[in-house]
Amino acid sequence: MTRTERPYGAWTSPITAELVAEADNRPSWPAWHGDRLVYAQALPEEGGRVGLFAHGAGGPVELLATPWNVRNRVHEYGGRPWTSVPGAIVFTNWDDQRLYALEDSAGQPRPITAEPGRPHGARYTDLHPGPDGSVWCVRETVTGDRPTDVTRDVVAVPLDGGEPRTVLATHHFLSVAKVSPDGRHLAWLGWDHPAMPWNGTELCVAEMRADGTAGEHRVLAGGPREAVCQFEWEDSDNLVALTDPTGWWNLYRVPLSGQPGNLAPLDAECGGALWVAGSQWFAQLGGGRFVLLRGGTPVLVGEDGITEIGGLADIPVFSAMLAVRNGTLYATAAGPARKSALVAVDLERGGYTELTGQPADLPDPAYLPTPESRTFTDEAGNEIPAIVFPPANPGFTAPEGELPPFVVHVHGGPTGAVAPVLSLEFAYLTSRGIGVVAVNHGGSTGHGRAFRERLEGQWGVVDLADCATVVAALGREGTADPGRLAIRGGSAGGYSAAHAIATTGTYHAATVRFPVIDMLRFAEGDTHDFESQYLHSLVGALPGHEQRYRDRSPITHVGEVRDPVLVLQGDEDAICPPEQARAFSAALGGTGIPHAYLEFAGEQHGFRKAANIITAMCAELSFYGQVFGFVPPAVEPIELRK
């Protein structure tokens, strides 16, 4: 192919915003219902609802058509939304948050929980079949008007629509309780404010009473500085759990009496941050064998140690939602040139079969960036992992001597991470000549507890410093144009982007998506219960550190912004409420700083509707073109106000 010379950013690409939206349909929560493999899948083209499908010989079979939306809002991030019981699938429905049963012999689901007194006033997640034919799950009950007016318990929900029975209510936050094979004990995870589930959780066990409730509990593993993120019963006398007393999430056998023992000691992360209730990083194979996600890639663990699984080089990153049957692992996986898809992995022979496939219009791989996993080092010797996504387009080359504009992507959380897998959102930019570097700054998961704790008391400092170290290195080596640097991020990443554009001179543009803008307001009740005390560890305990919160808030420094800003926000966001983004954008009015604010109706935290994803991507590209001096082809210019 003959290459056309054209400035970076002005290249044409087959990776359209429509393709980005279409590809935002990751399958999730695979499990078996009888002899059918069932899974949930996002449907951006249907307003972002989540459908329920069965894998069939001729392709996916939709089990629940519109308007059913298999999603829940416990912790506002949701969790396991469906389970299988004999003769029915029980699921959570977004519109009313009630539980419904889809019976094998019936065409329409029927509700099995009552209509709550207030909209979304009772929510359910982490669904599992109970020992008595009921469904056991975590129930979140809204008790007042403040976002933190919430209680939680583990309940048994009868399928006949009877009143749910409380099984236990020991901690402010809970995982579903699981019954031992002999029916004598219950085990569950619990934690309380101000801890987050990656700081400290407790693996609890109690004898099961005759009335189906838990007796007095004791703690088998975990604590204030140890976080158990998943457990399963191995037999009636032993549990198996992922916990991190060594600073790494490893797999332990936890007896009801005696000390836990590490089944596969590794200086590697085999668990993760429990953002989503019901996440699974390991599954049991029987006979003391397990499949375990080591750094996101499945391996086998047994008495002989760890065995690699071959044939997975092009899909090395698996989501923590696993199902196993007859020696086959079913999970969602992605790779550098493959978007997330449901796959079946042969655990004995290796290799995989892709069950849901790739987008039919996925372009030639030459248009996709090759992720480069790199490690940068700051002046203090701290190592900073980052993934570089360089510009890639076989049809174009830039004028001699021109360096590409680069965008620093800051992930959410901030206890999150970015993996070296295909992101069509990034490819939309890189195929047009704009580089992207995704930084796993201090505080990110995947690198052990010590690395996560680099951010304790330092949010707004370490994240910005690490990103600046990475982008400065890219500039020095000639990979990026130091005069055309932007920063982007959503949620916690949106905070970092807003704070960086307001307080540093590193960047020349910022795309701020559903951000935290006023730290103090966020910490004093302007967010949901799950994260309402998150900043106590990230910034400082309250009361006592109010001035630190003010000093690190973008709203405090909005008058210092000297470079253009694009703000994108959903109007139903309960995690980072739109009032914060609106205030930041409004404060830019009349300053002379070019800026734009787009608010999307009906969107919560992040964008799920295809039309909004398309609008957001096109606006971001137009924004960079206006700031960095190129004209993106076939993109309507966004109006920048001053």
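Going by the structure above, here's the rest.
Residues numbered from 1 in each chain as written. Predicted model: local features only at pLDDT ≥ 70, side-chain atom pairs only at ≥ 80, totals over all residues. Heavy atoms only, no water.

Draft legend 1. Summary view of the overall build of the chain. Counting secondary structure elements, the chain contains 10 helices and 40 strands. Taken over the C-alpha trace, the chain has a radius of gyration of 24 Å; the compact-globule value for 642 residues is 26 Å, and the two agree within 12%. The principal-axis extent of the C-alpha atoms belonging to the chain is close to 75 × 60 × 50 Å. In the form shown here, the chain has an accessible surface area of approximately 23500 Å², with 49% of it arising from carbon and sulfur atoms. Where the 47 positive side-chain charges of the chain centre and where its 76 negative ones centre are 1 Å apart. (Helix = DSSP H or I, 4+ residues; strand = E, 2+ residues; numbered from the N terminus. Rg over C-alpha atoms; globule rule 2.2 N^0.38 Å. Areas by Shrake-Rupley, 256 points an atom, 1.4 Å probe, with all protein chains shown as cover. Lys, Arg positive; Asp, Glu negative; His and termini not counted. Charge placed at Lys NZ, Arg CZ, Asp CG, Glu CD.)

Draft legend 2. Just the pairing of strand E6 (residues 82–85), in detail. Going residue by residue along E6, you find Trp82 and Ser84 tucked away on one face and Thr83 and Val85 tucked away on the opposite face as well. One ladder, built from 4 bridges, connects E6 with strand E7 (residues 88–92); its direction is antiparallel. Paired with Ser84 across the two strands is Ile89, which belongs to E7. The turn joining E6 and E7, which pair antiparallel and follow one another in sequence, is formed by 2 residues; a positive phi near 85° is taken by Gly87. (Buried < 20%, exposed > 50% of the residue type's maximum accessible area, 1.4 Å probe, protein only. Pairing = 2+ DSSP bridges.)

Draft legend 3. The arrangement of the nonpolar core in detail. Among the nonpolar cores identified, the biggest contains 58 residues, and Phe318, Trp459 and Leu535 are the most heavily contacted of them. Non-local contacts of Leu535, meaning those with residues more than four positions away in its chain, are made with Trp459, Met519, Phe522, Ala523, Gly540 and Tyr549. Counting residues in hydrophobic clusters, the runner-up holds 42 residues, among them Leu422, Leu566, Met617 and Ala619. (Core = buried A, V, L, I, M, F, W, Y, C linked by side-chain atoms within 4.5 Å. Contact = heavy atoms within 4.5 Å.)

Draft legend 4. Representation of the pattern of salt bridges within the structure. Inspection of every chain in the model, using the stated rule, returns 35 salt bridges. Between Arg452 and Asp244 there is a salt bridge, with the nearest N and O atoms lying 3.4 Å from each other. Taken together, the residues Arg452 in helix H3 (residues 449–452) and Asp244 in the loop between strand E20 (238–243) and strand E21 (250–255) connect sequence positions 208 residues apart. Comparing Arg452 with Asp244, the two get one shared label, buried. One connected set of salt bridges, linked through shared partners, spans Arg225, Asp244, Glu269, Arg449, Arg452, Glu453 and Glu456. (Salt bridge = Lys/Arg side-chain N within 4 Å of Asp/Glu carboxyl O.)

Draft legend 5. Representation of the layout of surface pockets in the model. Taken as a whole, the second largest pocket encloses approximately 780 Å³ of empty space. In terms of lining, the second largest pocket is formed by 28 residues, of which the most central are His128, Pro129, Lys178, Glu232 and Gln280. Contributing elements (two or more residues each) for the lining of the second largest pocket: strand E2 (27–33), E6, strand E10 (122–129), strand E15 (178–179), strand E19 (230–235), strand E23 (282–286) and strand E28 (323–325). Tallied by class, the residues present in the lining of the second largest pocket amount to 17 nonpolar, 8 polar and 3 charged. (1 Å grid on protein atoms, 1.4 Å probe; cavity = no way out; pocket = protein on both sides within 12 Å on 5 of 7 lines; lining within 4 Å. Points joined across faces, edges and corners; volume = space filled by probe spheres on them. Nonpolar A, V, L, I, M, F, W, Y, C, P; charged D, E, K, R; others polar.)

Draft legend 6. Region of the structure containing unusual backbone geometry. Of note, the bond from Thr66 into Pro67 is cis; its omega dihedral lies within 30 degrees of zero at 15°. Mapping Pro67 onto the fold places it in the loop between strand E5 (59–64) and E6. Positioned with a positive phi, His120 is a non-glycine residue whose angle comes to about 60°. Secondary-structure assignment places His120 in the loop between strand E9 (110–111) and E10. With a phi angle near 50°, Asn326 is a residue other than glycine that sits in the positive phi range.

Draft legend 7. The arrangement of the environment of Arg608 in detail. Here Arg608 shows up in the loop between strand E40 (595–600) and helix H10 (610–628). Judged by relative accessible area, Arg608 falls into the partly exposed class, the value being 28%. For the pair formed by Arg608 and Glu45, sequence separation is 563 residues and the distance between their alpha carbons is 8.9 Å. In contact with Arg608, other than residues within four places in its own chain, are Pro44, Gly47, Gly48, Arg71, Glu603 and Ile613.

Draft legend 8. Layout of the environment of Gly625. Tracing the sequence through the fold places Gly625 in helix H10. Between the alpha carbons of Gly625 and Ala10 there is a distance of 8.1 Å; along the sequence they are 615 residues apart.

Draft legend 9. Quick look at H10. Taking 1.5 Å of rise per residue, the 19 residues of H10 would be expected to cover 27 Å, and the 27 Å separating its terminal C-alpha atoms lies within 8% of that figure. Across the 19 residues of H10, 14 count as buried, placing the element largely inside the fold. (Expected span 1.5 Å × (residues − 1).)

Draft legend 10. View of the sheet that holds strand E13 (residues 165–168). Spatially, E10-E11-E12-E13 is the arrangement adopted by the 4 strands of the open sheet, whose pairing is antiparallel. Across the chains shown, the open sheet's two edge strands, defined by having one partner strand only, are E10 and E13. The mean angle between the axes of side-by-side strands here comes to 40°, regardless of whether they run parallel or antiparallel. Of the strand pairs in this sheet, E10 and strand E11 (residues 135–142) are connected by 6 bridges, and their pairing is antiparallel. (Axes fitted to C-alpha atoms, helices over the stretch in contact; angles between N-to-C directions.)

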